[in-house]
Number of protein chains: 2
Amino acid sequence: MIRTNPELAAYIHKLWSSRDYSIQEMDFNAKTIIFEQDKRYGKVYVIREGMAKCYISDENGKDFIQEFLGPGMEFGELEVFDNLTTICSVEAIQNLKTFTMSHQTYQQLLATDSQFNTLVIKALANKIRYKAPRHSYQHSYPIEDNLLRLKKQFPEFTEVIPKKDIANYIGITPRSLNRALRELKDKHNGF
Amino acid sequence: MIRTNPELAAYIHKLWSSRDYSIQEMDFNAKTIIFEQDKRYGKVYVIREGMAKCYISDENGKDFIQEFLGPGMEFGELEVFDNLTTICSVEAIQNLKTFTMSHQTYQQLLATDSQFNTLVIKALANKIRYKAPRHSYQHSYPIEDNLLRLKKQFPEFTEVIPKKDIANYIGITPRSLNRALRELKDKHNGF
DNA sequence: CAATGTAAAGGACATTTGTCCCATGCTTCA
DNA sequence: TGAAGCATGGGACAAATGTCCTTTACATTG
């Protein structure tokens, strides 16, 4: 549920300390909105510490959370090549420490550092591999099963992540989430 | 709804005709299952002609279609690096013509041909960019809106793609699809 | 040619989920 | 400190969707 990428985190840290490329540290307070959907930005970020949410809002103001991003996860990388607008907003849930670099630096790294290139391709592939079954599962199983699954993956999620965000992650309303949580408490007792 | 990638299609064709790399043509009849979910394969495919569906099945036998793949779309690429099992099954909907190469050749190409490398990264990024809003939209809007949207993107979809597949793509049952189609016919008249 | 299988359409009912409320407790802030 | 705002929890009802079943038409095959 909260995605991480230790390998990339370590590598970026190494690149940053080498000072061979223009990579900066940049920190954000909780609730800071770093990317706003449909806007254009020139930077790529990699999370060092903390957690952010990446979400899509529709015209009715409903949010749909794509991923919770933890250490080593990057964002802004999908827009590097064609200088596209973002598809997601990104907001810090906890205080966030990141490394950041320009599109230009990112492309330069991709072109010259084959290890970085491989790590980025793997990261992209993993985002796809992860997304597919998640949405599939959420459609085919009742809410309670989804909650049990999350609980298994990340036991403290109900404490760390606000209810509204959990609901938006599963793609349901807070009301339905509450109903499901109550029934889990009644049944399995100990949720 | 049916994804294509003309740029990659053209480039692979060029690579194939150059004979510099070991790339083969391989064709499949409609309904052939090319990849079975959770198995391991050693090849990457790029579609030349025809259409395939890429889908996840759950234990109850329900399918969830991820993408309809048209010319220029690749599959099997996500498993190249760590020799992972597939997350999706892939089945030809129409007779399918592909180019195919081994994982080894694919990695060699990524490492030595920077234009290929860039095309692949873009293709991965586009898969992600495309997936996110689709699932989000499907959750937040009524079925009828989703159908109108598909109709706009690809007017003949109801003729080309079997009903069951359309339902599995939207993530609903054929029954619900029929209901929605009927109401669209009654209202907008001309669906 | 009969037989079997499969896609499509839809009726009837059950279930799930959403919508719209209201109430409570906690935090924030002027 | 009082007011406003927000997260949480849940009742009552409405709407959307699924389940189960039956029918029809058409294709495939022994």
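Everything numeric here is computed off the predicted structure, so don't read it as measured data. (Residues numbered from 1 in each chain as written. Chains lettered and ligands numbered in written order. Predicted model: local features only at pLDDT ≥ 70, side-chain atom pairs only at ≥ 80, totals over all residues. Heavy atoms only, no water.)

## Focus on the interface of chain B and chain A
For step 1, the next point in the chain: On the chain A side, the residues contacting the 34 residues of chain B number 34 residues.
For step 2, the next point in the chain: Both faces combined, the contact of chain B with chain A buries some 3300 Å², and carbon together with sulfur accounts for 67% of it.
For step 3, the next point in the chain: When the buried area of chain B at its contact with chain A is split by residue, Ile128(B), Arg129(B) and His139(B) rank highest and sum to 21% of it.
For step 4, the next point in the chain: At the surface where chain B touches chain A, the tally comes to four salt bridges.
For step 5, the next point in the chain: Where Glu79(B) meets Arg129(A), a salt bridge forms, and the shortest distance between an N and an O atom there is 3.1 Å.
For step 6, the next point in the chain: Here chain B is connected to chain A by eight residue pairs in polar contact (both at pLDDT 80 or more). (Contact = heavy atoms within 4.5 Å. Buried area = accessible area lost by both parts, 1.4 Å probe. Salt bridge = Lys/Arg side-chain N within 4 Å of Asp/Glu carboxyl O. Polar contact = N/O pair within 3.5 Å; in protein donor to acceptor, adjacent residues only side chain to side chain.)

## Points about the pattern of salt bridges
Residue and element names in this part refer to chain B.
For step 1, the next point in the chain: Tallied over the entire structure, the rule returns 20 salt bridges over all chains.
For step 2, the next point in the chain: Here Arg 182 and Asp 186 are joined by a salt bridge, their closest N and O atoms 3.6 Å apart. Placement of both Arg 182 and Asp 186 in helix H7 (residues 174–187) is noted, with a separation of four residues, approximately one turn of the helix. Accessibility classification places Arg 182 together with Asp 186 in one group, the exposed group. (Helix = DSSP H or I, 4+ residues; strand = E, 2+ residues; numbered from the N terminus. Buried < 20%, exposed > 50% of the residue type's maximum accessible area, 1.4 Å probe, protein only.)

## Side note on the protein's contact with DNA strand C
For step 1, the next point in the chain: Surveying the vicinity of DNA strand C reveals the residues Ile143(A), Ile172(A), Thr173(A), Arg175(A), Ser176(A), Arg179(A), Pro162(B), Lys163(B), Lys164(B), Arg175(B), Asn178(B) and Arg182(B).
For step 2, the next point in the chain: Within 4 Å of the protein, atoms of DNA strand C come from sugar and phosphate in 54% of cases.
For step 3, the next point in the chain: Measuring from a phosphate oxygen of DNA strand C, one finds a side-chain N or O atom of Thr173(A) at 3.1 Å.
For step 4, the next point in the chain: Asn178(B) is positioned such that a nitrogen or oxygen atom in its side chain is 3.0 Å from a phosphate oxygen of DNA strand C. (Near = heavy atom within 4 Å.)

## Things to note about the relation of the copies chain B and chain A
For step 1, the next point in the chain: With an RMSD of 0.0 Å, the operation that places chain B on chain A is a rotation of 180° combined with a shift of 0.0 Å along the axis. Each copy turns onto its partner about a two-fold axis.
For step 2, the next point in the chain: Comparing interface residues between copies, 100% of those in chain B also lie at the interface in chain A; the contact surface is shared. (Least-squares fit on C-alpha atoms with pLDDT ≥ 70 in both.)

## Regarding the protein's contact with DNA strand D
For step 1, the next point in the chain: The immediate surroundings of DNA strand D are formed by 13 residues, with Lys163(A), Arg175(A), Arg182(A), Ser176(B) and Arg179(B) found nearest.
For step 2, the next point in the chain: When the atoms of DNA strand D within 4 Å of the protein are sorted by group, sugar and phosphate make up 55%.
For step 3, the next point in the chain: Elements with a contribution of two residues or more to the surface near DNA strand D: helix H6 (163–170) and helix H7 (174–186) of chain A together with H7 of chain B.
For step 4, the next point in the chain: Here the surface near DNA strand D gets four residues from one element, more than from any other, and that element is H7(A).

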